[in-house]
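Per-entry structural report
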Amino acid sequence: MHHTDALIIALRTVFPSITVSPEAERGWHAAIALAAEQIPGAASLLFEHGLALSFITAVHVRPRCELVYHFVRWEDAFRIVLHLPVPENNTVPSIAEIYHGAAWHEREIGEFFGIVFSNHPGLKPLLLTREEKGLCPLLRSDSLLQSRENVLIW
Amino acid sequence: MGVAVRSTKTESGPIHYRYFMNVGPQHPSTHGVLRLIIGLYGEYVLSIEPVIGYGHRMHEKMAQSRPWQAFLPNTARMDYACCLPHQHCYLSLIEQHTGIKVPPRAEYIRVIAVELNRIASHLLWLGAFLLDLGAFTPILYCFDDREEVLDILENLTGARITHCFFRIGGVLADIDDHSANRIREFMRRMRGRFSVYHKLVTENIIFIKRTRDIGIITPDMARRYGATGPVLRGSGIAYDVRKQQPYSAYRDFSFDVPTGSRGDCYDRYLVRVEEMQQSLCIIEQALERMPAGEIRAPVPRTIRLPAGQRSFSVEGARGEVTYYLVADGTDTPYRLKVRSPCYANLNLIQELGQGMLFADMIATLGSLDLVIPEIDR
């Protein structure tokens with residue numbers, strides 16, 4: 001882990017809540033919970049430290065959806081996960097300006113979960129058709145919905 | 001293909017004509033149901049907009065609507081050309097999450113099957129890529145070799161493609177002496193074939209002219225789009241999950257991670273050809289040192305997924321495959337996300353293709369080794 005220290009130190013100064021697990025028991029070495037407005041800053045920091053975006057996805061939980069960002073560093077497969085509860089206005093800043101590949105992931109999340117990404121270059125459907133606008137197939141019905149702390153265990 | 005003409009007046013005065021050409025969704029060079037809206041100035045590409053989703057089946061919705069076992073066949077139906085890494089990834093994730101230990105012999109059999117699948121996939125790519133470039137002969141040689149692999153895999157798994165061979169805690173069937181001998185025979189044959197491919201393709205002047213310095217992907221571009229696999233390694237980055245984060249039995253084998261230096265189509269070709277040789281090397285070591293013992297761990301009849309989240313990554317033929325699971329304690333995943341490598345690899349064509357000649361764009365698209373159902377999921 002010694003060679004990952006510079007990144008961890010840099011992240012810890014900005015995000016004191018970071019949890020580090022060198023053995024990557026759950027598949028990643030570090031995880032951070034952050035607020036919606038912090039995501040562009042966090043993405044820039046990770047980009048400067050040479051990490052690549054693996055994928056972005058969302059999980060529908062109570063009270064609101066949670067976004068999950070996976071980043072990886074090529075040299076040692078160091079993986080970091082960012083957790084971001086979607087705020088009440090259902091809008092999250094896009095990181096497509098920093099990681100261009102994020103644009104498609106955000107479009108996909110937009111159509112599957114109905115989450116809006118501000119400052120996105122073009123938030124149109126990616127995999128679904130125009131007629132299926134507003135379908136949001138991955139949103140769960142109330143009876144099947146779990147609260148955040150029951151399923152998103154670190 | 002349809003052509004529409006529009007004229008735009010630029011600030012500098014003269015009128016530039018910009019053509020919009022529609023390629024696909026059904027076109028031989030798109031390797032699946034992919035549509036590209038291409039803005040052209042003469043033969044030069046100004047913009048590319050991929051339109052995807054024609055083969056979208058919502059696998060992730062299926063995953064969260066049925067017990068986890070029932071999703072096993074789905075894992076073979078995304079990357080149909082190299083499906084075993086997907087299955088390997090999904091089962092390893094479930095096994096780690098539930099604490100099931102896989103016997104060493106089963107992991108060796110998994111590695112052999114996955115590497116055979118990788119060779120079959122690279123051969124399919126090689127033939128189809130050269131067909132895109134107008135060379136008809138190589139695909140006949142490639143399919144001849146691929147047929148041998150498919151016969152072995154059919155004998156082992158019961159299917160020629162969309163194999164469903166791995167089971168929780170192990171594999172469906174053992175590699176007996178008969179199968180092992182067939183694999184050894186194929187390895188002997190395949191090792192003799194590389195010189196044929198080198199003469200036919202690597203040293204072919206037309207092929208070199210069509211691919212050298214064409215479609216150069218810089219490491220920076222690869223990082224911004226999240227490219228992985230041979231597309232990334234062609235650009236000189238030695239990122240291979242089998243090496244950087246060894247899973248299954250990969251720690252037991254010595255193999256190289258081939259990389260390119262320029263990041264062009266030719267480098268990506270060289271990387272994939274070398275990878276086939278490395279896969280043969282891994283299979284040889286696995287057959288040689290195969291431990292005796294069970295091929296399946298005893299597992300309980302019903303397996304519930306403990307509440308929590310977990311991810312697992314493997315190296316597929318096209319790059320990093322990641323499955324991300326959120327479970328709520330029942331036997332049905334609460335959420336399952338599939339990260340497919342082609343999704344990121346296709347995404348970068350939008351930037352990469354700008355300014356290219358149309359024919360070079362087709363060569364570049366072919367060099368990315370796209371399997372569209374994996375992108376659409």
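Here we summarise the structure given alongside this text. Everything numeric here is computed off the predicted structure, so don't read it as measured data. (Residues numbered from 1 in each chain as written. Chains lettered and ligands numbered in written order. Predicted model: local features only at pLDDT ≥ 70, side-chain atom pairs only at ≥ 80, totals over all residues. Heavy atoms only, no water.)

Observations concerning the sheet that holds strand β2 (residues 30-33) of chain A
Residue and element names in this part refer to chain A. Stated precisely, the cut-off is as follows: Note on pairing: two strands pair once DSSP finds at least 2 bridges between them. In DSSP terms, a helix is any run of H or I states spanning at least four residues, a strand is any run of E spanning at least two, and both are numbered starting from the N terminus. Contacts were defined at the residue level, with two residues in contact if any of their heavy atoms lie within 4.5 Å. Axis definition: a line fit to C-alpha positions, over the contact stretch in the case of helices; interaxial angles, taken between N-to-C directions, run 0 to 180 degrees.
An order of β1-β2-β5-β4-β3 is seen for the five strands of this open sheet, with the pairing classed as mixed. Two strands bound the open sheet, and with one partner strand each, they are β1 (19-20) and β3 (52-59). For β1 and β2, the ladder comprises two bridges, and the chain directions are antiparallel. Among the inter-strand pairings, T19 is bridged to a residue of β2, identified as A31. The strands that helix α1 (residues 5-14) touches are β1, β2, β4 (66-73) and β5 (78-85); relative to β5, the one it contacts most, it runs at about 15°. The sheet contacts of helix α2 (residues 39-48) involve β4 and β5, and relative to β5 the element is tilted by about 175°.

With respect to the pairing of β4(A)
Residue and element names in this part refer to chain A. Defined as follows: The buried label goes to any residue with under 20% of its type's maximum accessible area, the exposed label to any with over 50%, and the partly exposed label to all in between, with areas taken from a 1.4 Å probe on protein chains only.
Of all eight residues that make up β4, eight are buried, and the element is covered over most of its length. Covered by surrounding structure in β4 are E66, V68, H70 and V72 together with L67, Y69, F71 and R73, the residues of both alternating faces. Pairing of β3 with β4 involves seven bridges; the strand directions are antiparallel. Bridging from a neighbouring strand, A52 pairs with V72 of β4. The antiparallel hairpin formed by β3 and β4 contains six residues in its connecting segment. Remark: four residues form the turn of the hairpin made by β4 and β5, two consecutive strands paired antiparallel; A77 in that turn has positive phi of roughly 55°.

Brief notes about the pattern of salt bridges
Residues and elements named next belong to chain B. The cut-off we apply is this: The rule for a salt bridge is simple: a side-chain nitrogen of Lys or Arg has to be within 4 Å of a carboxyl oxygen of Asp or Glu.
Enumeration over the complete set of coordinates arrives at 33 salt bridges over all chains. We note a salt bridge from R377 to E60, for which the minimum N-O separation is 2.6 Å. With R377 in the segment after α14 (372-376) and E60 in helix α1 (residues 59-63), this pair connects stretches of sequence that are 317 residues apart. Each of the two residues, R377 as well as E60, counts as buried. Of the charged contacts, one joins D144 and R193 as a salt bridge, the two residues approaching to 3.8 Å between their closest N and O atoms. Linking D144 in helix α4 (residues 137-157) with R193 in helix α5 (residues 177-202), this pair joins segments that are 49 residues apart in sequence. With relative accessibility at 37%, the residue D144 sits in the partly exposed group. Judged by relative accessible area, R193 falls into the buried class, the value being 15%.

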